[in-house]
Amino acid sequence: MARANVRDQLVDAAMTRFRDHGFNATGVKDITDLAGVPKGSFYNHFTSKESLGAEMVRVYGSQQSVADRSLAPLDRLRADFRAKADAIAAGAFARGCLYGDFGNELAAQSEPIRVEVEAGLEAWSAAVTALLREARTAGSLHSSLDDAALGRFVVAAWQGSVLRAKVAQDRGPLDDFFTVLSALLT
């Protein structure tokens, strides 16, 4: 069996370490040890821990999708957020959305990571907006709110709900998100 790409191993290991311990509490050696590669290998692929963090945000964004075309647009949106909520609850509220986690920890500290997080949030907001427009065209969204503003609000409300659920160690804030989302998406 072929050995996994070292760059991918480093990104995967960083995803685990950064999500479990935070960016600032994780060293390059922690990442290379978890990846099972020599520390020197790290610098063959990344100029710094910060450049790895920015790459990790890009990889995370590429894995986000609300593309289950078998569902109606609003059902697709709700199902995507429900899956995210279930994953957060299954992880005992220790991990949230990487955008929120990195945004909270690093926005004032790392311009490259802040830029990637902002780009990821913008892309996600655009995807939500596209679903809302699709729902409006299909006649299932009747809100008088602007689709783009509503899309950005839904993503921002999700981020706040996830933060609150992590702090409370309880699903209640996520349930509140779904209650309000249902009222908005009528």
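Residues numbered from 1 in each chain as written. Predicted model: local features only at pLDDT ≥ 70, side-chain atom pairs only at ≥ 80, totals over all residues. Heavy atoms only, no water.

1. Thoughts on the overall build of the protein
Right, on to step 1. Within the protein, the regular secondary structure consists of nine helices and zero strands.
Right, on to step 2. What you see in the protein, going N to C, is helices and strands ordered as α-α-α-α-α-α-α-α-α.
Right, on to step 3. A principal-axis box enclosing the C-alpha atoms of the protein has dimensions of 55 × 35 × 35 Å.
Right, on to step 4. When burial is assessed residue by residue, the protein has 41% of its 186 residues classed as buried.
Right, on to step 5. The long-range share in the protein, meaning contacts at least 24 apart out of those at least 6 apart in sequence, stands at 67%.
Right, on to step 6. For the protein, the exposed area adds up to about 9,400 Å²; of that, 54% sits on carbon and sulfur atoms. (Helix = DSSP H or I, 4+ residues; strand = E, 2+ residues; numbered from the N terminus. Buried < 20%, exposed > 50% of the residue type's maximum accessible area, 1.4 Å probe, protein only. Contact = heavy atoms within 4.5 Å. Areas by Shrake-Rupley, 256 points an atom, 1.4 Å probe, with all protein chains shown as cover.)

2. Things to note about the nonpolar core
Right, on to step 1. Of all hydrophobic cores here, the largest spans 48 residues; its most connected members are Phe102 and Trp158.
Right, on to step 2. Mapped by element, the contributors of at least two residues to this core are helix H1 (6-21), helix H2 (28-35), helix H4 (49-62), helix H5 (73-90), helix H6 (98-106), helix H7 (111-138), helix H8 (147-168) and helix H9 (172-184).
Right, on to step 3. Ranked by the residues each element gives to this core, the list is headed by H7, at seven residues.
Right, on to step 4. Non-local contacts of Trp158, meaning those with residues more than four positions away in its chain, are made with Phe81, Lys84, Ala85, Ile88, Trp124, Leu174, Phe177 and Phe178. (Core = buried A, V, L, I, M, F, W, Y, C linked by side-chain atoms within 4.5 Å.)

3. Focus: the pattern of salt bridges
Right, on to step 1. With the rule as written, the count across this model stands at 15 salt bridges.
Right, on to step 2. Note that Lys29 and Asp33 form a salt bridge whose closest N and O atoms lie 3.1 Å from each other. Within this pair, Lys29 and its partner Asp33 are both found in helix H2, separated by four residues, close to a single helical turn. (Salt bridge = Lys/Arg side-chain N within 4 Å of Asp/Glu carboxyl O.)

4. Points about the packing of H5 against H9
Two quantities define a packed helix pair, namely the angle between the helix axes and the distance between the axes.
Right, on to step 1. Running from N to C, H5 and H9 cross one another at 170 degrees; their axes reach a closest spacing of 11 Å. Judged by the angle between their axes, H5 and H9 are roughly antiparallel. In this structure, H5 contributes Arg78, Phe81, Arg82, Ala85 and Ile88 to the contact, and H9 contributes Leu174, Phe177, Phe178, Leu181 and Ser182.
Right, on to step 2. Split by residue class, the contact of H5 with H9 holds seven nonpolar, one polar and two charged. (Axes fitted to C-alpha atoms, helices over the stretch in contact; angles between N-to-C directions. Parallel < 35°, antiparallel > 145°, perpendicular 65-115°, else oblique. Nonpolar A, V, L, I, M, F, W, Y, C, P; charged D, E, K, R; others polar.)

5. Examining the packing of aromatic side chains
Centre-to-centre distance and the angle between the planes together describe a pair of aromatic rings.
Right, on to step 1. In this structure the tally under the stated criterion is 13 aromatic pairs.
Right, on to step 2. Ring centres 5.1 Å apart and planes at 90 degrees place the aromatic pair Tyr60 and Tyr99 in the edge-to-face group. With a gap of 39 residues between them, Tyr60 in helix H4 and Tyr99 in helix H6 connect regions that are remote in the sequence. Taken individually, Tyr60 and Tyr99 each receive the classification buried, so the pair is uniform in this respect.
Right, on to step 3. An aromatic cluster of at least three residues, connected via ring pairs, comprises Tyr60, Phe81, Tyr99, Trp124, Trp158, Phe177 and Phe178.
Right, on to step 4. When the ring centre of Phe178 is taken as origin, the NZ or CZ atom of Arg82, which lies over that ring, is 3.8 Å away. (Phe/Tyr/Trp six-rings, centres within 6.5 Å; stacked < 30°, edge-to-face > 60°. Lys NZ or Arg CZ within 6 Å of the ring centre and 35° of its normal.)

6. A short note on the environment of Lys39
Right, on to step 1. Locating Lys39 in the fold gives a position in helix H3 (residues 39-45).
Right, on to step 2. Lys39 gets classed as partly exposed once you look at its relative accessible area, which sits at 44%.
Right, on to step 3. Sequence separation of Lys39 and Lys29 is 10 residues, and the distance between their C-alpha atoms is 6.1 Å.
Right, on to step 4. When near neighbours in sequence (up to four residues on either side) are disregarded, Lys39 contacts Val28, Lys29 and Thr32.

Purely spatial values, then, with no claim about function.
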